[in-house]
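# Coordinates in review
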Amino acid sequence: MVVQWYPGHMAKAKKTLKENIKMIDVVVELLDARIPASSQNPILKELTVNKHRIVVLNKEDLANPHITKAWINAFHNNGIKAIAVDSISKRGINETLRSIAQTPIRDSAARRLNIKRPVRAMVVGIPNVGKSMFINSLVGRSTAKTGNKPGVTKGNQWIKIKENVQLLDTPGILWPKFDNEETGLHLAYVNSIGPKAFDIEDIVYSLTKFLAVNYPNSLKERYNLCELLDDTNTIIKLVGKSRGFLLKGGDVDLRKTSETILKDFRDGKLGRISLETPEEREVLNGGN
């Protein structure tokens, strides 16, 4: 199954990002901690050349902590500062702020005129990676609008964090073509792609198959299953039966069951789950 999604306003967001990057000292790229590779935007690599870069593995509370630690080490080995963040509990927020504030300013005009100005940071990330919640936690007050509809562009905002740091929020952008089917699936799992771009039953089949192999106890405990069979369709039907999602005649309501499994995964009710490891996926370089 191929998942592709690139609304027209994404091209406009890319153009705006390209125009604003010249004013920025450091790029703060938010990735979903469950899918650090899939949530990296290769467009940013070309746009942020010669810019300092900080990677934030957001929603770390939903990801496997051991795998998140492996991702942080992988980024560090590639010369990229990476920080695990839970924007709700504010875990990692202070470390992120310190890293931003410590960024050296490469502004020849400011140095020549001996002008001290704030570090200018830009927050970037794909849709629904939690940018608004992250910015609100970073600033300490509600400044950015939050929402869970991927692909909704709200425009740019300059936000003053403290005297020595200014922050530019940008719309989330995806890229025109995903490098492989797995990337599209992962983005659909975490709600970074609109629901019209995929069939939910196909998506949940793939997700359940992955969970049955890598996190079988999560499925057993959440849905009171005694054992998991090799057949993914049977597992999904067992989940539907355990939840009482039955149609007239006794057949399982597969759509309602699929919606439940996907929502449980997204809400963390299946536990802390990572969908990819640094050994499986490439860490993208870029920035300094």
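This text gives an overview of the structure that appears in the document.

Parameters and conventions
- Residues numbered from 1 in each chain as written.
- Predicted model: local features only at pLDDT ≥ 70, side-chain atom pairs only at ≥ 80, totals over all residues.
- Heavy atoms only, no water.
- Salt bridge = Lys/Arg side-chain N within 4 Å of Asp/Glu carboxyl O.
- Helix = DSSP H or I, 4+ residues; strand = E, 2+ residues; numbered from the N terminus.
- Buried < 20%, exposed > 50% of the residue type's maximum accessible area, 1.4 Å probe, protein only.
- Axes fitted to C-alpha atoms, helices over the stretch in contact; angles between N-to-C directions.
- Parallel < 35°, antiparallel > 145°, perpendicular 65-115°, else oblique.
- Contact = heavy atoms within 4.5 Å.
- Pairing = 2+ DSSP bridges.
- Phe/Tyr/Trp six-rings, centres within 6.5 Å; stacked < 30°, edge-to-face > 60°.
- Polar contact = N/O pair within 3.5 Å; in protein donor to acceptor, adjacent residues only side chain to side chain.

## Some details on the pattern of salt bridges
- Considering all chains together, one arrives at 9 salt bridges under this definition.
- In this structure, R53 and E29 form a salt bridge, with 2.9 Å as the shortest nitrogen-oxygen distance. Taken together, the positions of R53 in strand β2 (residues 52-58) and E29 in strand β1 (residues 26-32) put the pair 24 residues apart, joining distant regions of the chain. Grouping residues by exposure puts R53 and E29 together as buried.
- Taking the shortest distance from any N to any O, the salt bridge between E95 and K81 comes out at 3.3 Å.

## Considerations on the packing of helix α4 (residues 93-101) against helix α6 (residues 131-139)
- Relative orientation of the contacting elements α4 and α6 amounts to 80 degrees, with a least axis distance of 10 Å. If you check the angle between α4 and α6, you find them roughly perpendicular. Across the interface between the two elements, I93, T96, L97 and I100 of α4 pack against F134, S137 and L138 of α6.

## As for the pairing of β1
- With 7 of its 7 residues buried, β1 lies for the most part within the structure.
- One ladder, built from 7 bridges, connects β1 with β2; its direction is parallel. If you follow E29 over to β2, its bridge partner there is V55.
- Where β1 meets strand β4 (residues 119-125), 5 bridges bridge the pair, whose relative direction is parallel. In the strand pairing of β4, L30 is matched with G125.

## With respect to the packing of aromatic side chains
- With the rule as written, the count across this model stands at 2 aromatic pairs.
- Both rings, one in F210 and one in Y215, keep their centres 6.2 Å apart while their planes meet at 45 degrees; by these two values the pair is tilted.
- On the basis of relative accessible area, F210 is assigned to the partly exposed category, the value being 22%.

## Some details on the environment of T103
- Along the chain, the position of T103 falls in the loop between α4 and α5 (108-112).
- Sequence-wise, T103 and V119 are 16 residues apart; in three dimensions their C-alpha atoms are separated by 6.9 Å.
- The residues contacting T103, other than those within four sequence positions of it, are D25, V26, H52 and V119.
- Looking at T103, its side chain comes within polar contact range of the main-chain oxygen of S99, at 3.3 Å.
- A distance of 2.9 Å separates a polar atom in the side chain of T103 from the backbone oxygen of I100.

Function cannot be read off these values alone, since they describe shape.
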